Amino acid sequence: MSNKNRETQNLKKNLYSPYPADASWTVDNEQIAQVGFDGSTTAISEGDAYLSANWTGQLWRGDATDACLPDEVFASPIANLIVRPPSVSISSFKAVGKNQTATVRVQVPNNPNNLPITLTLTPTSGTGTAQFTSNNTTTRTITATTDVEIKGITESSTKDNMEFKATYTKPNNQIVTLDTENFTVLSVTLSLRFSNNQTVSTNNSARNNQQTGIGTLSLGGPIFSTGQLPNRWRHVIEIVGTVLPANYSDEIVLRREVINTRSWDANNNLAGSAGCDPPQQTPCDDTSTSDFLDTDASDSAGNIYDIDSPGSTLVNAQLGTIRRRRTNFRQWATVTQNNAGQVQNVRVSVDVTWYQRLAIELTNNGIIINNVVPGDNIINSGATNTTWNLQ
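*Asks:* Just give me the short version of helix α2 (residues 207-214), but keep the residues and values in it.
*Replies:* For an α-helix, 3.6 residues make a turn, and residues three or four places apart therefore share a direction. Along α2, the residues that are buried comprise Q210, G213 and I214. Summarising the axial view, the buried residues of α2 lie within an arc of 75°, below the 170-degree limit, and thus occupy one face. Packing partners of the buried residues in α2 comprise β16 (233-244) and β21 (303-308).

*Asks:* Account for the nonpolar core, with residues named and values stated.
*Replies:* V88, V106, I117, L119, I150, F164 and F183 are the most contacted members of the largest nonpolar core, which has 25 residues in total. Within the residue set of this core, elements represented by two or more residues are β6 (87-90), β8 (101-110), β9 (117-123), β10 (129-132), β12 (146-154), β13 (162-169) and β14 (175-193). The residues contacting I150, other than those within four sequence positions of it, are F93, V96, Q100, T101, A102, V104, L121, A130, Q131, F132, T133 and F164. Ranked by size, the runner-up nonpolar core spans 22 residues in total, among them L192, V258, V335 and W354.

*Asks:* How would you sum up the sheet that holds β12? Please name residues and give values.
*Replies:* Two orientations exist for strands paired in a sheet by backbone hydrogen bonds: parallel and antiparallel. Taken in spatial order, the four strands line up as β6-β8-β12-β10 in an open sheet, and their pairing is antiparallel. Only two strands of the sheet have a single partner each, and these edge strands are β6 and β10. When strand polarity is set aside, the average angle formed by the axes of neighbouring strands in this sheet is 30°.

*Asks:* So, the pattern of salt bridges: which residues are in play, and what are the values?
*Replies:* With the rule as written, the count across this model stands at 13 salt bridges. For R330, the salt bridge identified is with D351, shortest N-O distance 3.1 Å. One end of the pair, R330, is in strand β23 (residues 322-339); the other, D351, is in the loop between β24 (342-347) and β25 (352-363), and 21 residues separate them in sequence. The buried category is assigned to R330, whose relative accessible area is 16%.

*Asks:* Lay out the environment of T129 in plain terms, naming residues and giving numbers.
*Replies:* Examined against the element boundaries, T129 turns out to sit in strand β10. When the C-alpha atoms of T129 and M162 are compared, they prove to be 7.8 Å apart, with 33 residues separating the residues in sequence. Filtering out sequence-adjacent residues up to four positions away, T129 remains in contact with G152, I153, T154, M162 and V185.

*Asks:* Quick one: what's the story with unusual backbone geometry, residue by residue and with numbers?
*Replies:* Residue G221 is joined to P222 through a cis peptide bond whose omega torsion reads 10°. Within the fold, P222 resides in strand β15 (residues 220-224). Here the residue pair L244 and P245 is connected by a cis peptide bond, since its omega of 0° sits within 30 degrees of zero. Position of P245 relative to the elements: it lies in the loop between β16 and β17 (253-265). A positive phi is found at A301, a non-glycine position, where the angle reads about 55°. Structurally, A301 can be placed in the loop between β20 (293-294) and β21. Unusually for a residue other than glycine, L390 sits at a positive phi of about 65°.

Basis of the calculations
- Residues numbered from 1 in each chain as written.
- Predicted model: local features only at pLDDT ≥ 70, side-chain atom pairs only at ≥ 80, totals over all residues.
- Heavy atoms only, no water.
- Buried < 20%, exposed > 50% of the residue type's maximum accessible area, 1.4 Å probe, protein only.
- Helix = DSSP H or I, 4+ residues; strand = E, 2+ residues; numbered from the N terminus.
- Arc of directions from axis to C-beta.
- Contact = heavy atoms within 4.5 Å.
- Core = buried A, V, L, I, M, F, W, Y, C linked by side-chain atoms within 4.5 Å.
- Pairing = 2+ DSSP bridges.
- Axes fitted to C-alpha atoms, helices over the stretch in contact; angles between N-to-C directions.
- Salt bridge = Lys/Arg side-chain N within 4 Å of Asp/Glu carboxyl O.

By themselves, these are just geometric observations and shouldn't be taken as functional.
Next up, the structure:
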């Protein structure tokens, strides 16, 4: 805080020199501000204080030819110091995953006196725990705009029961709330359904789209699809996310990535990788379209879903052509939210991996499954070798 203000400048109009070095500075309320020997002031707390200066000097009257007054002691009011609390704005965010992190910007557009701002993470009801990763506690202090990283520790018992609060403490220990933001600590556990005796879950909102697109609700395979999507040999898998708290209604998206993939022509002739655009550039995003995603856990008994039906086809192939495809996939759950205007896909689950092996052959009887390689034509959790013979 500077003492060079309009009142000070007006006072100096009648002086030929600034305040002398022997000036004595005082402030009438040192709980609000303190003053140094040179007149510099430091804010301590919110409120008003009055700054004054005492010094010995000569005051000229008129021009330099006039006689000056004898030495006198002048006590002059300099300025009314006004110290105001900082202004704070916590960026809007929805959730942080259990054992995952999210970054939140705390904007402090006005805090010229560097007053301490206390940040806290606490449940407003029920249970749930989150911590700042900088100190692994539920409290930290800042003085300026800061990006803080939050880690979910214990899932929320209900949606939006966690509070991110910014406060300031006055000298009388009165706590003033500057801003708050409610959020959820989410637990999303992923599992896979791909057995041949299973069908798409009845509470999966994408169930009808699967029936229309693929022509069946059966999982596993290989299955030859007969729906509106291109008819080909496919495997069908349903990825399930079990969400806590189950009443979380904001969108949670199950994202998918092709880790690596290869398509082989016959036994050893690499035809190029498949599943990514452009080919051979892996990993690549392979997230389902919205038609095959169920993103609202509150409408699906606390679950979210993704259905994938990877397949292979033979285009302009000669009779007897064998095409083999081996692909590794990765799935995880995210919540999309803004942080200071930047869109983030915040991870709220650990990864689950799965793979597909598929071999098809063009014969006189059409395209059939080729089972020459042991262990071919399956879908399962984990990872697969991508060579033609799986070795």
